[in-house]
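What follows is each chain in one-letter form.
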Amino acid sequence: QVQLVESGGGLVQPGGSLRLSCVASGIRFRLYAMGWYRQAPGKQRELVARIDSGGNTNYPDSVKGRFTISRDNAKNTVYLQMNSLAPEDTAVYFCNAESPVGLPGSWGQGTQVTVSS
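Read on for a plain summary of the structure. Everything numeric in this text was worked out from a predicted model, so none of it was measured. (Residues numbered from 1 in each chain as written. Predicted model: local features only at pLDDT ≥ 70, side-chain atom pairs only at ≥ 80, totals over all residues. Heavy atoms only, no water.)

1. Observations regarding the sheet that holds strand 3 (residues 18-25)
Line of reasoning, step 1. In spatial order, the strands read 1-3-8-7; together these four strands make up an open sheet with antiparallel pairing. At either margin of the open sheet sits one strand with a lone partner, and together these are strand 1 (3-7) and strand 7 (67-72). On average, each strand axis in the sheet is inclined to that of its neighbour by 15 degrees, with strand direction left out of account.
Line of reasoning, step 2. Here six bridges tie strand 3 to strand 8 (residues 77-82), and the two strands are oriented antiparallel to one another. Bridged to V23 within strand 8 is T77. (Pairing = 2+ DSSP bridges. Helix = DSSP H or I, 4+ residues; strand = E, 2+ residues; numbered from the N terminus. Axes fitted to C-alpha atoms, helices over the stretch in contact; angles between N-to-C directions.)

2. Let's talk about the pairing of strand 8
Line of reasoning, step 1. Most of strand 8 sits out of view: five of its six residues are buried.
Line of reasoning, step 2. Bridge count between strand 7 and strand 8: six bridges; the pairing is antiparallel. Across the sheet, the residue bridging to I69 is L80, located in strand 8.
Line of reasoning, step 3. Linking two consecutive strands that pair antiparallel, namely strand 7 and strand 8, is a turn of four residues; a positive phi of about 50 degrees is found at N76 within it. (Buried < 20%, exposed > 50% of the residue type's maximum accessible area, 1.4 Å probe, protein only.)

3. Things to note about the nonpolar core
Line of reasoning, step 1. Counting 28 residues, the largest nonpolar core has M34, W36, V78, L80, M82 and Y93 as the members making the most contacts within it.
Line of reasoning, step 2. Excluding anything up to four places from it in sequence, M34 contacts L4, F29, A49, R50, I51, I69, R71, V78, C95, N96 and A97. (Core = buried A, V, L, I, M, F, W, Y, C linked by side-chain atoms within 4.5 Å. Contact = heavy atoms within 4.5 Å.)

4. Here's the deal with the pattern of salt bridges
Line of reasoning, step 1. One pass over the full model with this rule turns up five salt bridges.
Line of reasoning, step 2. Between R50 and E98 there is a salt bridge; the shortest N-O distance is 3.0 Å. Here the residue R50 occupies a position in strand 5 (residues 46-51), and E98 occupies one in strand 9 (residues 91-98), the gap between them amounting to 48 residues.
Line of reasoning, step 3. Accessibility expressed as a relative area gives 22% for R50, which makes it partly exposed.
Line of reasoning, step 4. In this structure, K64 engages D61 in a salt bridge whose closest nitrogen and oxygen atoms are separated by 3.5 Å.
Line of reasoning, step 5. In this structure D61 comes out as exposed when scored by relative accessible area, which is 66%.
Line of reasoning, step 6. Bridged by salt links that share partners, the residues R38, E46, R66 and D89 form one connected network. (Salt bridge = Lys/Arg side-chain N within 4 Å of Asp/Glu carboxyl O.)

Pasting the structure below:
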């Protein structure tokens, strides 16, 4: 049974920081690329950060320089450090585990991030 459990979301003021965590179980974590996605109301789910099994990272321009994804394989955990948050970052953030063997990806339940004054 694959489980991804996100935590760390909440309400933060513009310019503030937040760190999200995602703990994975039921997978060989070290073999998986992991990603963070977000979805705002009325918008498509979008990738905000990805880290592969070798530690290589990718970010879209919208978050580059502000967000940092990292992983701790010993803890089966992937993190998303978010700095300089802006209202447009408001969304539900989802953790994703990318299967290395062609199986459907796995998703967490999501954690709400709200950036507002």
